[in-house]
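Here is how the chains run, residue by residue.
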Amino acid sequence: MKLLSTCDRDAAFSLSEALRLGAAPDGGLFMPAHVPVHVRGSVPSDRSLAEFAADWLRPFFADDTLEGELDAICAEAFTFPVPLVAPLGTDRSLRALELFHGPTGAFKDFGARFLMGCFDRLAGSEPLTVLAATSGDTGGAVGCAAENRRSARAVILFPAGRVSPFQERQLTCWADNVTAVEVEGDFDDCQRLVKAAFAQPHLSAAHRLTSANSINLGRLLPQAAYCAHAAFRAAENSGELPGFIVPSGNLGHGFALLLARAMGAPVGPVILATNANRTLLEWHRTGRYEARPSVATLANAMDVGNPSNFERVAALDPGAAEVTVELVNDDAIKARIAADYAASGYVWCPHSAIAAETWHRLGAKRQGERAWVTAATAHPFKFAETVEPLIGSAVEPSPALASIEGRSTAKQHIPARLEALAELLDREKVAA
Ligand SMILES: *Cc1c(COP(=O)(O)O)cnc(C)c1O
């Protein structure tokens, strides 16, 4: 499989090169030269997710140096359950794909572990520096996946004062090869810094920089696999193709789902559900894409004003990219968490509540037409300070999340300037 940049469609890269580089040298994002399509039935879905994922993703790895490693990479990455539950009871059409049973309690664990498995096999003798900007959950997942690996050190930038207390703990608690950096700015500033670092050839080469943000296709491939696996499961008992509702920030998840649909997964309508950040809603309304400054919401992992994967969605065939967009503000998030808990006892995190609210807004007729799968993107314990007052009781952590509470933490602090980041990278490299 050849990979092409969204900017210059002439230069071709191997998958390994694309994973190693993160973003294309011309500033674009890597896209597969063509979307591989699986004939229905050719990838049996009644198997473990790890086995299914390896076969689903095999066309991307064809003729690549990682081809022979794909089964092992999937076996290492997909080690925790991904239940598809009926949060409001089986008589309602809503299904929640619980993506939060991994070590850091959000779907980012899949991509981070898969990508690190690839880096382990690509790094060679000198470690890579995985530079990641995080709005909250990516950093924890990347730090956890990178901890104690010799193939990489991780440098994670997070916006000061914009992550929840537990998220901050989870960003700052990993071993010495993981550095958490608090940036004076918002998430878009963190993303800008990462982009600027990659754009400096000297810096990029000196530190063997690579990206673990969802600009790296290696984050998105495992997500396309679990989306496809869930679609087959949801389609089993229903004549109509299941619809999907995806809480969206940088659109990595949304793109992975659209890729899975284009590859032949039984996915019907796709709704991108956003928080009060209006960029996607306005794009869908007007057909014009205009980045905006991000606004802070209760669903902080989705506080994105310039979704980095938008250009991937825009690069798909118009049919493959067909979506609708729903916007859910903080008041509606709160009301949905409280109402669904009162009705059924199910507890949503603020991000997942956006998808649940979107399902409720469909109305009885559309709800009844098909199964609707929402991505439950994070464990509610990560946002206990938001969720607990709304439901009036304590949210229990999963065992993995409970174990993070006992760890010691450390962080660095920098202004949102490239020189400050460059200095820090040098300093940390000497220390390492
Ligand atoms: C990252 C994240 C999102 C947004 O996903 P994108 O791929 O950036 O669109 C939603 N919910 C949670 C809990 C997240 O961590």
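Owing to the predicted nature of the structure, the values given are computational and were not obtained by experimental measurement.

Participant: Would you mind showing me how to read the packing of helix α9 (residues 217–235) against helix α10 (residues 252–262) here?
Facilitator: For any two helices packed against each other, one specifies the inter-axial angle together with the distance between the axes. As a packed pair, α9 and α10 sit with axes 8 Å apart at the nearest point and diverge in direction by 60 degrees. For the element pair α9 / α10, the angle class is oblique. Here α9 runs over α10; the crossing is right-handed. Here α9 contributes L220, L221, Q223, A224, Y226, C227 and A228 to the contact with α10, which in turn contributes G252, H253, F255, A256, L257, L259 and A260. Classifying every residue of the contact of α9 with α10 by side-chain character gives 11 nonpolar, 3 polar and no charged.

Participant: How should the pattern of salt bridges be read in this particular structure?
Facilitator: Oppositely charged side chains can pair when the atoms bearing their charge come close. All chains considered together, the criterion is met by 19 salt bridges. Between E357 and R336 there is a salt bridge, with the nearest N and O atoms lying 2.9 Å from each other. With a gap of 21 residues between them, E357 in helix α14 (residues 350–361) and R336 in helix α13 (residues 330–344) connect regions that are remote in the sequence. Both residues of the pair, E357 and R336, belong to the buried class. Put simply, E326, R336, D340, E357 and R361 are held in one network by salt bridges that share partners.

Participant: Honestly, α10 in this entry has me stumped. Any pointers?
Facilitator: Across the 11 residues of α10, 10 count as buried, placing the element largely inside the fold. Here α10 has its buried residues at G252, H253, G254, F255, A256, L257, L258, L259, A260 and R261. Downstream of α10 by a residue or two, G264 has a phi angle that is positive, lying close to 110 degrees.

Participant: Would you explain unusual backbone geometry in this entry?
Facilitator: Phi angles above zero are rare outside glycine, and D63 is one such case at about 65 degrees. Along the chain, D63 turns up in the loop between α2 (49–61) and α3 (70–77). Among the residues examined, D63 registers a relative accessible area of 73% and is labelled exposed.

Participant: I would appreciate a short explanation of the UniProt feature "domain: Threonine synthase N-terminal" (unreviewed entry) in the protein chain in the present structure.
Facilitator: The UniProt record annotates "domain: Threonine synthase N-terminal" (unreviewed entry) at residues 4–78. Annotation note: span residues 4–78, helix share 37%, strand share 9%, distance between end C-alpha atoms 27 Å.

Participant: It is not clear to me how the site of the ligand should be interpreted in this structure. Could you clarify?
Facilitator: Of all residues adjacent to the ligand, which total 15 residues, the nearest are K108, D137, G249, N250 and H253. One of the side-chain nitrogen or oxygen atoms of K108 is found 2.6 Å away from an oxygen atom of the ligand. Relative to its free-state accessible area of 380 Å², the ligand is covered by the protein chains to the extent of 97%. Of the pockets mapped on this structure, the ligand occupies the largest cavity. Class assignment for the residues of the shell around the ligand results in 6 nonpolar, 7 polar and 2 charged.

Participant: Please explain empty space enclosed by the protein as it appears in this structure.
Facilitator: Empty space among the atoms becomes visible once a probe the size of a water molecule is rolled across them. The full count for this structure, using the stated rule, is 4 cavities of 30 Å³ or more. Each pocket or cavity is described by its volume, and for the largest cavity that value is around 270 Å³. If you go around the largest cavity, you meet 27 residues; those closest to its centre are F107, K108, G249, N250 and A301. For the lining of the largest cavity, the secondary-structure elements that each account for two or more residues are α5 (137–146), α9 and α10. Tallied by class, residues from the lining of the largest cavity come to 11 nonpolar, 13 polar and 3 charged.

Participant: What is the right way to look at the layout of surface pockets in this model?
Facilitator: Looking at the second largest pocket, its volume works out to about 390 Å³. As for the second largest pocket, its lining consists of 17 residues, of which A23, A24, P25, F198 and A199 are closest to the centre. For the lining of the second largest pocket, the secondary structure elements donating two or more residues are α1 (15–21), α7 (187–198) and α8 (201–206). Ranked by residue count, the leading element in the lining of the second largest pocket is α8, at 3 residues. Considering only residue class, the lining of the second largest pocket consists of 11 nonpolar, 2 polar and 4 charged.

Participant: Would you take a moment to explain the environment of L272 for this structure?
Facilitator: Mapped onto the elements, L272 comes out in strand β11 (residues 270–274). Residue classification places L272 among the buried residues on the basis of a relative accessible area of 2%. Along the primary structure L272 and N329 are separated by 57 residues, whereas in three dimensions their C-alpha atoms are 14 Å apart. Discounting residues that sit within four places of it in the chain, L272 has contacts with V246, S248, L251, G254, V323, T324, V325 and E326.

Criteria and thresholds
Residues numbered from 1 in each chain as written. Predicted model: local features only at pLDDT ≥ 70, side-chain atom pairs only at ≥ 80, totals over all residues. Heavy atoms only, no water. Axes fitted to C-alpha atoms, helices over the stretch in contact; angles between N-to-C directions. Helix = DSSP H or I, 4+ residues; strand = E, 2+ residues; numbered from the N terminus. Parallel < 35°, antiparallel > 145°, perpendicular 65-115°, else oblique. Left-handed = near helix turned anticlockwise from the far one by under 90°. Contact = heavy atoms within 4.5 Å. Nonpolar A, V, L, I, M, F, W, Y, C, P; charged D, E, K, R; others polar. Salt bridge = Lys/Arg side-chain N within 4 Å of Asp/Glu carboxyl O. Buried < 20%, exposed > 50% of the residue type's maximum accessible area, 1.4 Å probe, protein only. UniProt positions renumbered as here; feature names shortened; annotations may be inferred. Near = heavy atom within 4 Å. Polar contact = N/O pair within 3.5 Å; in protein donor to acceptor, adjacent residues only side chain to side chain. Areas by Shrake-Rupley, 256 points an atom, 1.4 Å probe, with all protein chains shown as cover. 1 Å grid on protein atoms, 1.4 Å probe; cavity = no way out; pocket = protein on both sides within 12 Å on 5 of 7 lines; lining within 4 Å. Sits in = over half its atoms within 2 Å of the grid points. Points joined across faces, edges and corners; volume = space filled by probe spheres on them.

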